[in-house]
Amino acid sequence: MNQAKRQFILVWILGVGYFSITILPYLIFGFGLHLGVTSYPDIIDLFFYPPIIGLTLFALFKGLKTNEIPTWIQYLAYFLLILHFEGHGFHWAANSLDVLMEHEGISGLLANYAYFLDEIVSHKIMYYTFYGYAILLVLLESKYSDYTLEEKWYLILPAAILGGFAFMISGIEGQSPYEVITAVIVIIAITCYIFRSKFKEITKKPIICFYFIASIVMLIIAGLYLAIFGFFIQPSEWF
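Here is what the cut-offs are and how they apply
Residue numbering note: each chain is counted from 1, following its sequence as written. Residues qualify for local features only when their pLDDT is at least 70, as the model is predicted, and side-chain atom pairs are given and counted only at 80 or more; totals for whole chains, interfaces and linings, by contrast, use all residues. To obtain the side-chain values, all non-hydrogen atoms of the structure were included, while hydrogens and water were left out. Here, nonpolar core means buried Ala, Val, Leu, Ile, Met, Phe, Trp, Tyr and Cys residues that are tied together by side-chain atoms lying within 4.5 Å of each other. Buried means the residue's accessible area, taken with a 1.4 Å probe over protein chains only, is under 20% of the maximum for its type, while exposed means over 50%, and partly exposed covers the values in between. Under the DSSP-based scheme used, a helix requires at least four consecutive residues in state H or I and a strand at least two consecutive residues in state E, with every element numbered from the N terminus. Between two residues, a contact is recorded if the distance between any of their heavy atoms is within 4.5 Å. We call two N or O atoms a polar contact when they sit within 3.5 Å, provided that within protein one can donate a hydrogen and the other can accept it, with sequence-adjacent residues counted only if both atoms are side-chain atoms. Side-chain rings of Phe, Tyr and Trp (the six-membered ring for Trp) are treated as a pair once their centres are within 6.5 Å; stacked means planes under 30 degrees apart, edge-to-face means over 60, and tilted covers the remaining angles. Two conditions define a charge located above a ring, namely a distance within 6 Å from the ring centre to NZ of Lys or CZ of Arg, and an angle within 35 degrees of the ring normal. All axes are obtained by fitting lines to C-alpha atoms, using only the stretch in contact for helices, and the reported angles, taken between N-to-C directions, cover 0 to 180 degrees. If an angle is under 35 degrees, it is roughly parallel; if it is over 145, roughly antiparallel; if it lies from 65 to 115, roughly perpendicular; otherwise it is oblique. We call a crossing left-handed when the near helix sits turned anticlockwise from the far one by less than a right angle, and right-handed when that turn is clockwise. When residues are grouped by polarity, Ala, Val, Leu, Ile, Met, Phe, Trp, Tyr, Cys and Pro land in nonpolar, Asp, Glu, Lys and Arg in charged, and all others, Gly among them, in polar. What makes a salt bridge here is a side-chain nitrogen of Lys or Arg within 4 Å of a carboxyl oxygen of Asp or Glu, nothing more.

1. Some details on the nonpolar core
Within the largest apolar cluster, 66 residues are counted, with the highest numbers of intra-cluster contacts made by F167, F210 and Y211. At the level of elements, α1 (3–22), α3 (40–62), α4 (71–104), α5 (109–143), α6 (157–173), α7 (177–194) and α8 (206–229) are the ones that each hand at least two residues to this core. For this core, the element with the highest residue contribution is α8, accounting for 13 residues. Ignoring sequence-local partners within four residues, the contact set of Y211 consists of L14, L57, A134, L137, V138 and I187.

Rendered as structure tokens:
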């Protein structure tokens, strides 16, 4: 399997996997407690997100010409990836306590602190590092890859649409919609600048093509969300 095909498969896993792990379980099971102290979606996220999303993101980086990437940039990539999953574990633990306290009617300083750790601190760690890593991948693929995607670019569309939808909705649920919007504008701007004189080349780089399409989808989702609700209400508060 050539490198472009491998990266193509990986971005498919990223888009479909992220949707299947972070969004689909809530569509099936809802947001309530099901296991006494936590929910099925939280358990699914805890066990499947690190191996599937983690290994996929790592493999995308390793699929580049890493021997030519400066050492400090490699360390930056690893740092962002590690910190992202530290935030993920942080979030899962804090979220379990926060949701349980709300379910049991516990209020006061302890409940407020659990909410702060869950909805503010852990989410910021997760999303800042996730999109920092995405921006880094886009920049690196533009310079440190020598493969060309032979598949038609539109074959990435389903994965990018699912991924973009999931990225934006989870960002809204994580009370970080404006940070996410800022990140995707940066991705679009960087991509347009790099390929300003050869725009069709975007379709030949699977990582760049995926994130570029997903970013456009995310801006559309954000616009529709505002048009419908007037503000970024969390999906868990719809009902």
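2. What to know about the environment of F130
By secondary structure assignment, the location of F130 is in helix α5. Residues F130 and L80 lie 50 residues apart in sequence; the distance between their C-alpha atoms is 7.3 Å. Residues in contact with F130, not counting those within four places in the same chain, are Y18, Y49, L57, H84 and F167.

3. Focus on the side chain of S145
Tracing the backbone through its elements, the reader meets S145 in the loop between α5 and α6. The buried category is assigned to S145, whose relative accessible area is 11%. In terms of polar contacts, S145 uses its side chain to reach the backbone carbonyl oxygen of E141, at 2.5 Å. Within polar-contact distance, the side chain of S145 engages the side chain of K205 at 3.0 Å. The residues touching S145, leaving out its near neighbours within four places in the chain, are L64, K65, L140 and K205.

4. Examining the packing of aromatic side chains
Each aromatic ring pair is described using two quantities: the centre-to-centre distance and the angle formed by the ring planes. Counted according to the given criterion, the structure contains 14 aromatic pairs. Ring centres of F130 and Y131 lie 5.1 Å apart, and the angle between their planes is 80°; this geometry places the pair in the edge-to-face category. For Y131, a relative accessible area of 5% puts it in the buried group. A ring pair is formed by Y225 and F229, whose centres lie 4.8 Å apart and whose planes are at 45°; its orientation type is tilted. Of the two residues, Y225 and F229 both sit in helix α8, four residues apart, roughly one turn of that helix. Take Y225: its relative accessible area is 5%, and that puts it in the buried class. Since its relative accessible area comes to 34%, F229 is described here as partly exposed. A connected cluster of aromatic rings, assembled from ring pairs, spans Y18, Y49, F85, F130, Y131, F167, F210 and Y211. The cationic tip of R196 hangs over the ring face of Y193; the distance from NZ or CZ to the ring centre is 4.2 Å. The positively charged end of K205 is found above the aromatic ring belonging to Y147, 5.1 Å away from the centroid.

5. Some remarks on the packing of α1 against α3
Remark: α1 packs on α3, axes separated minimally by 9 Å, with the N-to-C direction vectors making an angle of 160°. Relative to α3, α1 is oriented roughly antiparallel. Crossing of α1 over α3 shows left-handed handedness. Here Q3, R6, Q7, L10, V11, I13, L14, G17, Y18, I21 and T22 of α1 lie close against α3, whose contacting residues are I44, D45, F48, Y49, I52, I53, T56, L57, A59, L60 and K62. Broken down by class, the residue content of the contact of α1 with α3 amounts to 14 nonpolar, five polar and three charged.

6. Let's talk about the pattern of salt bridges
Overall, the coordinates contain two salt bridges when judged by the stated rule. Notably, a salt bridge pairs E68 with K65, separated by 3.6 Å at the nearest N-O pair. Classification of E68 as partly exposed rests on a relative accessible area of 43%. K65 sits in the partly exposed class, given a relative accessible area of 22%.

7. Points about the side chain of T22
Examined against the element boundaries, T22 turns out to sit in helix α1. Apart from the residues within four sequence positions on either side, T22 is in contact with D45, Y49 and A166.

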